[in-house]
Amino acid sequence: MALAKITSVTGRAVPVVGNDIDTDRIIPARFMKCVTFDGLGEFLFFDVRKDPDTGKITNHALNDARFKGATILLTGANFGCGSSREHAPQAIQKYGFKAIFAESYAEIFFGNSTTLGMPCVTAAREEIAKIAAAVEKDPSTEVVIDLVKLEARFAGQTVKIAQRESARDALVNGRWDAIGELLDGIPAVKETAKKLPYLVA
Amino acid sequence: MPQSLFEKVWAAHAVKKLANGQTQLLIGTHLIHEVTSPQAFGMLRDLGLKVLMPHRTFATVDHIIPTNELVEPYKDSLAQAMMDEVRKNCAQFGITFFDRATGKQGIVHIVGPEQGITQPGTTIACGDSHTSTHGAFGAIAFGIGTSQVRDVLATQTMALGQLKVRRIEVNGKLRPGVYAKDVILHIIRQLGVNGGTGYAYEYAGSTFDGFTMEERMTVCNMSIEGGARVGYVNPDETTFAYLKGRPYSPTGAAWDAAVARWKSFASDAGAKYDDVVKIDASSIAPTVTWGINPGQGISIVENIPSPETATSADDKAGIIEALAYMKLPAGKPIKGTKIDVAFLGSCTNGRLSDFREVAKYIKGRKVAAGVKAIAVPGSQIVALQCEKEGIDKVLAEAGFEWRAAGCSMCLAMNPDKLIGDQLCASSSNRNFKGRQGSPTGRTVLMSPVMVAAAAVTGAVADAREVFAVN
């Protein structure tokens, strides 16, 4: 399977403020009663985008018309903590996001997103704040996340970004979905299994 | 060179290095459930792939299953569709399915150990973050996403980078009224909800040595709430005694060989750790959460934090957000906070010992007027044993509804949900906003006996006082 080489993501960004944004908040469990991931995008951040008591649209950044069409999600620390549900990155991707820019990520969320070809990059809080300030000032600001140079460029500024090397390598070389490589390894898997008594049928 | 259990299990299951530097790791046991597997089977079909080791793949249903409706079709057609999908997938690919009719159905993390499928020195994966539970047996158990469920189905492996290992030593005797749940809530409070990112947690020390398997499971279960993907306890005689005679445990000569092998996986004396944390068991008190993540916990005798007591700007923002959501008064005692619902159950605390302990204290007491109380056994086997011992009757007489096995109100994917901003005293694992089914619902995490104390008093209470524990 030939996968796209994801060397950069260019687009407008939307700041979703906060730390420890968990996967229940990204997609509430009641929307996981489904047997495919289709259509999850519309439920992204559902309970914080609509006031649960009044049903009114809240001031959540995704409801802000200025940021409509943004493809880069800017956020805080420990993004995606909690449940392992791939429904969370699926909902983010299906909503239209192509990359996430945070201070840090929860482990499982990071892996799930990378496997979908959606880069999760990090930068120091001050640097993310600079981008957030630029897009708040001018929402049409184009942000370039460059995975080769490990920098983000926007409004004439450049900031250093980071990404775990195994993920960066997989994205820029078009092997972010490991299934092909894992399938190639099956003969070796069978050899390893022979040495593990509990796997004998 | 001396090695930790994590290093030994990793080495035994490493197939090869992948191009990006990760390892192709063999997953010996794959557990699946109805929420995160249907899409993976869909991907498998799209790619024209088979399940490589159906005999190492085990399925159950837990998340969506109604606990007060036993006859299909369920009223909720979406739940029924997911049920049908698991049945279809297991039948097509030759996977063992612990369906309700088998009498072995339950929460996936309760079923695996109960059946003896969860064994020391093995690797386990499941599309569920609480898979860390199985680490109680000295297994390395990963919660994974659906694309990885596909990978494990198709190749019995997944791509993974190696973790660092932090040894968390708890030594000494727990004080009366303090439980395994308090130990893990205390650890998460100390190390933070993301303190474990990049780590496997090795739980050790005399407190863990003295723990039963069920207590070890409660702690390992919530490793992920501290950001650690994996948590484990080294296997010992307690582990082997638990496993002996279980349906999937080896027998005869194979048993002796297995025990010898299992012992060899335990961390060596002198193994190197990336970090070591030591905790004195006697410093741990009954712990409850007051906020919107499991790290926002305090002992039952402490006051709810106020923004002024914050240790950093982040902490301050976290306190303000949590207090606003929880509608709790800053600086006031958590004790006495009125509750609306009491929930006993979940993969954290839905085992036989949890219900036994509650029954011991709640016998002859009544749930306070206006409190809805439900008790949900973690598996059909737990339910049956509770019923044999009369625990169901004790709980029912006290005013708890005794339900059928499932995840229930831990994440409310079935009809068991909070309504509006109800506050729930819960023995589950997550107090995230909206976690228990209502977008404004509030959760206070605590041990099962503390839930019982809250149920009978109608407010968050100190079980040591309510039940005269000393």
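Residues numbered from 1 in each chain as written. Chains lettered and ligands numbered in written order. Predicted model: local features only at pLDDT ≥ 70, side-chain atom pairs only at ≥ 80, totals over all residues.

**Re the overall build of chain B**
Formally: Only DSSP runs of H or I reaching four residues or more are called helices, and only runs of E reaching two or more are called strands; each is numbered from the N terminus. Computation of the radius of gyration draws on C-alpha atoms, with the globule rule given as 2.2 Å multiplied by the number of residues to the power 0.38. To sort residues by burial, count the other C-beta atoms lying within 10 Å of each one's C-beta; a count of 20 or more means buried, 12 or fewer means exposed, and anything in between means partly exposed. C-beta atoms are built from the backbone.
Scanning chain B from terminus to terminus reveals 17 helices and 19 strands. Relative to the compact-globule value of 23 Å for 470 residues, chain B shows a C-alpha radius of gyration of 21 Å, a close match. In terms of its C-alpha atoms, chain B occupies a principal-axis envelope of roughly 55 × 55 × 45 Å. Relative to its 470 residues, chain B shows a buried fraction of 61%.

**Quick word on the pairing of strand E6 (residues 123-126) of chain B**
Residue and element names in this part refer to chain B. What counts is decided by this rule: Here, strands pair whenever DSSP counts at least two bridges between them.
Judged by which residues are buried, E6 turns out to be covered on both faces: Thr-123 and Ala-125 on one side and Ile-124 and Cys-126 on the other are all buried. In the sheet, strand E3 (residues 29-32) pairs with E6 via 3 bridges, with the strands oriented parallel. Bridge pairing links His-30 to Ala-125 in E6. The sheet contact formed by E6 and strand E7 (residues 140-143) spans 4 bridges and is parallel. Looking at the pairing, Cys-126 lines up with Gly-143 of E7.

**Focus on the domain arrangement of chain B**
Often, the extent of an interface is quoted as the loss of accessible area upon association of its parts. All names here are of chain B. Rule in force here: Domain borders in the structure are assigned automatically or taken from a domain database. Amino acids are sorted into nonpolar (Ala, Val, Leu, Ile, Met, Phe, Trp, Tyr, Cys and Pro), charged (Asp, Glu, Lys and Arg) and polar (every other residue, Gly among them).
Looking at the assigned domains, one finds that chain B contains domain 1 (5-265) and domain 2 (299-466). Averaged C-alpha coordinates put domain 1 and domain 2 at centres separated by 24 Å. With 4 residues, the single largest contributor to the side of domain 1 that touches domain 2 is helix H4 (residues 108-115). Its residues assigned to classes, the side of domain 1 that touches domain 2 comprises 13 nonpolar, 13 polar and 7 charged.

**Quick word on the sheet that holds strand E6 (residues 143-146) of chain A**
All names here are of chain A. Counted only if it meets this: Axis lines are fitted to C-alpha atoms, over the contacting stretch for helices. Their N-to-C directions set the angle, which ranges from 0 to 180 degrees. A pair of residues counts as a contact when their C-beta atoms, built from backbone coordinates, are separated by no more than 7 Å.
Read from one edge of the open sheet, 4 strands run E1-E6-E7-E8, paired in antiparallel fashion. Every interior strand has two partners, whereas the edge strands, strand E1 (8-11) and strand E8 (157-160), have only one. Neighbour to neighbour, the strand axes of the sheet diverge by 15 degrees on average, direction disregarded. Pairing between strand E7 (residues 151-154) and E8: 4 bridges, direction antiparallel. When the sheet's bridge partners are listed, Phe-154 is paired in E8 with Gln-157. On the sheet, helix H5 (residues 125-137) packs against E6, E7 and E8 and is oriented at approximately 150 degrees with respect to E8.

**Remarks on the interface of chain B and chain A**
Taken together, the contacts link 65 residues of chain B with 53 residues of chain A. Looking at the side of chain B that touches chain A, the elements that each hand over two or more residues are helix H1 (5-13), strand E1 (14-17), strand E2 (23-26), helix H2 (38-47), helix H3 (77-93), helix H5 (146-155), strand E8 (157-160) and helix H11 (313-326) of chain B. Element by element, the count of residues in the side of chain B that touches chain A is highest for H5 of chain B, at 6 residues. Tallied by class, the residues present in the side of chain B that touches chain A amount to 22 nonpolar, 31 polar and 12 charged.

**Let's talk about helix H16 (residues 448-457) of chain B**
All names here are of chain B. Burial within H16 is extensive, with 10 of its 10 residues counted as buried. The set of residues buried in H16 consists of Pro-448, Val-449, Met-450, Val-451, Ala-452, Ala-453, Ala-454, Ala-455, Val-456 and Thr-457. One or two positions beyond H16, positive phi appears at Gly-458, with a value near 80 degrees.

**Some details on the nonpolar core**
Rules: What makes a nonpolar core is a set of buried Ala, Val, Leu, Ile, Met, Phe, Trp, Tyr and Cys residues, with links drawn between C-beta atoms within 7 Å.
Core analysis: the biggest nonpolar cluster contains 212 residues, and Ile-72 and Phe-101 of chain A together with Ala-342 of chain B have the highest contact counts within it. For this core, the leading source of residues is H16 of chain B, giving 8 residues. Per-domain counts for this core show at least three residues from each of domain 1 (5-265) and domain 2 (299-466) of chain B. Beyond its immediate chain neighbours, meaning those up to four positions away, Ile-72 of chain A contacts Val-9, Gly-11, Ala-13, Phe-97, Lys-98, Ala-99, Phe-101, Val-143 and Ile-145 of chain A.

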